[in-house]
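Structural overview
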Protein chains: 2
Amino acid sequence: MAPSYRYTETSKSSSASTMFPDHEHDHGKCVSSAMQRAEDLCAERSVRLTDIRRQVLELVWQSHNPVGAYDLLDNLHGIGKRAQPPTVYRALEFLMDQGLIHRIESLNAYIGCRDPGEDHAGQFLICRDCGAAAELVDKRIDAAIGQGAKAAGFSVEHPTVELEGVCANCRPEHKGTKHG
Amino acid sequence: MAPSYRYTETSKSSSASTMFPDHEHDHGKCVSSAMQRAEDLCAERSVRLTDIRRQVLELVWQSHNPVGAYDLLDNLHGIGKRAQPPTVYRALEFLMDQGLIHRIESLNAYIGCRDPGEDHAGQFLICRDCGAAAELVDKRIDAAIGQGAKAAGFSVEHPTVELEGVCANCRPEHKGTKHG
DNA sequence: GTAAATATGTTATAACATAACATTTCAATT
DNA sequence: AATTGAAATGTTATGTTATAACATATTTAC
Ligand SMILES: [Zn+2]
Ligand SMILES: [Zn+2]
Ligand SMILES: [Zn+2]
Ligand SMILES: [Zn+2]
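Residues numbered from 1 in each chain as written. Chains lettered and ligands numbered in written order. Predicted model: local features only at pLDDT ≥ 70, side-chain atom pairs only at ≥ 80, totals over all residues. Heavy atoms only, no water.

1. Observations regarding the coordination of the zinc ion (ligand 3)
Residues and elements named next belong to chain B. Which entries qualify depends on this criterion: The donor definition counts N, O and S atoms within 2.8 Å of each metal and applies 3.2 Å to Na, K and Ca; water is not among these atoms, so some sites may look incomplete. Under the DSSP-based scheme used, a helix requires at least four consecutive residues in state H or I and a strand at least two consecutive residues in state E, with every element numbered from the N terminus. Burial status follows relative accessibility: with a 1.4 Å probe on protein chains alone, a residue under 20% of its type maximum counts as buried, one over 50% as exposed, and anything between as partly exposed.
The protein atoms donating to the zinc ion (ligand 3) are His102 (NE2), Cys113 (SG), His120 (NE2), Glu135 (OE) and Glu135 (OE), with metal-donor distances spanning 1.9 to 2.6 Å. Counting along the primary sequence, the residues that act as donors to the zinc ion (ligand 3) give the motif H-x10-C-x6-H-x14-E. Here Glu135 lies in strand 7 (residues 133-138) and His120 lies in the loop between strand 5 (109-112) and strand 6 (123-127), a separation of 15 residues in the sequence. The exposure class assigned to His120 is partly exposed, which follows from its relative accessible area of 25%.

2. Some thoughts on the packing of helix 1 (residues 27-45) of chain A against helix 2 (residues 51-60) of chain A
All names here are of chain A. Threshold: Between the N-to-C directions of two axes lies an angle of 0 to 180 degrees, each axis being a line fitted to C-alpha atoms and, for a helix, fitted only over the stretch in contact. Should the near helix be turned anticlockwise from the far one by less than a right angle, the crossing is termed left-handed; should it be turned clockwise, right-handed. Residue contacts follow a heavy-atom distance rule, with two residues in contact if any of their heavy atoms lie within 4.5 Å.
Contact geometry of helix 1 with helix 2 gives a least axis separation of 10 Å together with a crossing angle of 145°. Regarding helix 1 and helix 2, the two cross each other, and that crossing is right-handed. For the pair helix 1 and helix 2, contact is made by Val31, Met35, Ala38 and Glu39 and by Arg54, Leu57 and Glu58, respectively.

3. A word on the interface of chain A and chain B
What counts, and what does not: The term buried area refers to how much accessible surface (probe radius 1.4 Å) is lost by two components on association, counted for both of them together. Salt bridge, as used here: a side-chain nitrogen of Lys or Arg that lies within 4 Å of a carboxyl oxygen of Asp or Glu. N or O atoms closer than or at 3.5 Å make up a polar contact, with two conditions inside protein: a donor-capable atom paired with an acceptor-capable one, and, for residues adjacent in sequence, both atoms drawn from side chains. When residues are grouped by polarity, Ala, Val, Leu, Ile, Met, Phe, Trp, Tyr, Cys and Pro land in nonpolar, Asp, Glu, Lys and Arg in charged, and all others, Gly among them, in polar.
If you look at the interface, chain A gives 39 residues, while chain B gives 38 residues. Summing both sides of the interface, chain A and chain B together bury roughly 3,300 Å²; the carbon and sulfur share of this comes to 56%. Inspection of the region where chain A meets chain B yields two salt bridges. Between B:Arg128 and A:Glu157 there is a salt bridge whose closest N-O contact spans 2.3 Å. Run the count over chain A and chain B and you get 14 residue pairs in polar contact (both at pLDDT 80 or more). Broken down by secondary-structure element, the contributors of at least two residues to the side of chain A that touches chain B are strand 6 (123-127), strand 7 (133-138), helix 5 (139-151) and strand 8 (155-166) of chain A. Ranked by residue count, the leading element in the side of chain A that touches chain B is strand 8 of chain A, at twelve residues. Along the lines of polarity and charge, the residues of the side of chain A that touches chain B split into 19 nonpolar, twelve polar and eight charged.

4. Things to note about the pattern of salt bridges
Side-chain pairs of opposite charge can arise where the charged atoms are in close proximity. Under the defined criterion, the tally for this structure stands at ten salt bridges over all chains. Counted as one network, the salt bridges with shared partners bring together A:Glu39, A:Asp51 and A:Arg54.

5. Some words on the coordination of the zinc ion (ligand 4)
Residues and elements named next belong to chain B. Quick reminder of the rule: A site with four donors is called tetrahedral when every donor-metal-donor angle falls between 85 and 135 degrees; four donors are called square planar, and six octahedral, when opposite donors sit more than 155 degrees apart and all other angles fall between 65 and 115; any other arrangement is irregular.
The protein atoms donating to the zinc ion (ligand 4) are Cys127 (SG), Cys130 (SG), Cys167 (SG) and Cys170 (SG), with metal-donor distances spanning 2.2 to 2.4 Å. Each of the four donor atoms bound to the zinc ion (ligand 4) contributes to angles spanning 106 to 116°, and the resulting shape is tetrahedral. Residue classification places Cys127 among the buried residues on the basis of a relative accessible area of 2%.

6. Notes on helix 4 (residues 85-97) of chain A
Each full turn of the α-helix corresponds to 3.6 residues, which orients residues three or four apart in the same direction. All names here are of chain A. We count it as follows: Helix span, expected: 1.5 Å multiplied by one less than the number of residues in the helix.
Counted at 1.5 Å a residue, the expected span for helix 4 with its 13 residues is 18 Å, and the 18 Å between its end C-alpha atoms agrees. Those residues of helix 4 that are buried lie in contact with helix 1, helix 2, helix 3 (69-75), strand 4 (101-104) and strand 5 (109-112). Directly after helix 4, the chain includes Gly99, whose backbone phi takes a positive value near 70°.

7. Let's talk about the protein's contact with DNA strand D
Stated formally: Nearness is judged by heavy atoms alone; a residue qualifies as near a molecule or strand once a single heavy atom is within 4 Å of it.
A:Thr50, A:Arg90, B:Arg48, B:Tyr70 and B:Arg103 are the nearest of the 18 residues found near DNA strand D. The sugar-phosphate portion of DNA strand D accounts for 54% of its atoms within 4 Å of the protein, the bases making up the rest. One nitrogen or oxygen atom from the side chain of A:Arg53 is found 3.1 Å from a phosphate oxygen belonging to DNA strand D. Interatomic distance of 3.0 Å between a side-chain N/O atom of B:Tyr89 and a phosphate oxygen of DNA strand D. When residues of the surface near DNA strand D are traced back to their parent elements, those giving at least two are helix 2 and helix 4 of chain A together with helix 4 (85-97) of chain B. The dominant element in the surface near DNA strand D, judged by the number of residues it contributes, is helix 4 of chain B, at four residues. Class assignment for the residues of the surface near DNA strand D results in seven nonpolar, four polar and seven charged.

8. Overview of the protein's contact with DNA strand C
Taken together, 18 residues sit near DNA strand C, with A:Arg48, A:Tyr70, A:Arg103, B:Thr50 and B:Arg90 positioned nearest. Within the contact set of DNA strand C, a base nitrogen lies 2.5 Å away from a side-chain nitrogen or oxygen of A:Tyr70. The side chain of B:Arg53 places a nitrogen or oxygen atom 3.1 Å from a phosphate oxygen of DNA strand C. Where the surface near DNA strand C is concerned, the elements lending two or more residues are helix 4 of chain A together with helix 2 (51-60) and helix 4 of chain B. With four residues, the single largest contributor to the surface near DNA strand C is helix 4 of chain A. Of the residues in the surface near DNA strand C, the class split is seven nonpolar, four polar and seven charged.

9. Regarding the confidence of the model for chain A
Our working rule: The pLDDT score gives, residue by residue, the confidence of the prediction method on a 0 to 100 scale.
Residue-level pLDDT values for chain A average 88, and 84% of them are 70 or greater. This model gives residues 9-13 of chain A a pLDDT under 50, and the stretch forms six contacts once residues within four places in sequence are excluded.

10. Points about the packing of aromatic side chains
The following threshold applies: The rule is short: rings of Phe, Tyr and Trp, with Trp giving its six-membered ring, pair when the centres are within 6.5 Å, and they are stacked under 30 degrees, edge-to-face over 60, tilted in between.
In this structure the tally under the stated criterion is four aromatic pairs over all chains. Ring geometry for A:Phe20 and B:Phe154: centres 5.8 Å apart, planes at 25°, overall stacked. Of the two residues, A:Phe20 sits in strand 3 (residues 20-21) while B:Phe154 sits in the loop between helix 5 (139-151) and strand 8 (155-166), which places them in two different chains. Summarising the burial analysis for this pair, A:Phe20 and B:Phe154 share the class buried. Arranged with centres 6.2 Å apart and planes meeting at 70°, the rings of B:Tyr70 and B:Tyr89 form a pair that is edge-to-face. Remark: B:Tyr89 occurs in helix 4 and B:Tyr70 occurs in helix 3 (residues 69-75); sequence separation between them is 19 residues.

Structure (structure tokens):
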């Protein structure tokens, strides 16, 4: 049986890898594997993936679009009354500390990490049309940044690379191809 | 007479150019040349650099540290009562449209553009110690980003590259050298 | 001068985030 | 199983950043 993941991957480059979600991919798999990975990592690290944290992570993974803290809050269902902002912000902080999500600075929003456990700075492709964001891992970008900074005598500790544009799914050429 | 600009420029790379402000540089020159450039560009483009816009631009240029909208607002001196947020946000929008300033997404703050008129995406080195930000123009970073995105079938329209770290002035090695 | 376009004033509110302190839950130790 | 200290969550209030909507004033073109 073929794998359920279906990503558009145009791998002309050997140093870059991308995962822009295809419109018809099996998203349930994205969610379940991300959740399982989180459970495993947290167990391994002896940190607690509590109900709230688990719920927030699952909500973040509801789509491949970065999601805002207050959207999460709206969908966080406590038994009784509505949760308050600190609840979700604390969960987000935990998840970022554990590398399970990334914050998209240019959107004030959060997205699941495609490869937690691997310590890395996120690089993102953000489609201004469909709103999806894909995490890029491109060594050449890292290398170019490292060199550019070094030439300025600057040591980079936390790079933010967020590339807004149009994804393959939303490109005019591809628009008519097939898609529903 | 030697030029009054004094920047730390370690030009090992031919494709990158940087301007991290030296601690003792003649900042009055930074301001006056930025203001003159703005006057010229606006005249050339037949857009109005009004009192408010001029004042906001000058405030942005008060330092090489990105500055928040409400800080600007606090220092915007109308004759009578205090200005309101839309006043400063409109001025910022104008200045960004004209390429005279950049917005630093990771700080929700604004900084003067070192080369307005040249249409470009900003790349920034932001010192987490002194707070200064320097605009980097590095073709290799642009190229690497373009290639990485292309490999993913993604067309970049608005790249955000903000590199937080420690600048040469604030590096421990350089700290004792001399500096006041 | 009149009209249209541009810029600013003004009021209100939306959207994003954290400080401070009380209470509960958890896990280790006795 | 009670004690206890640490970690997590609840709760209230407030801080910070940004925009919507509509009124007024200023500039420019005719
Ligand atoms: Zn998916
Ligand atoms: Zn990641
Ligand atoms: Zn610039
Ligand atoms: Zn510094």
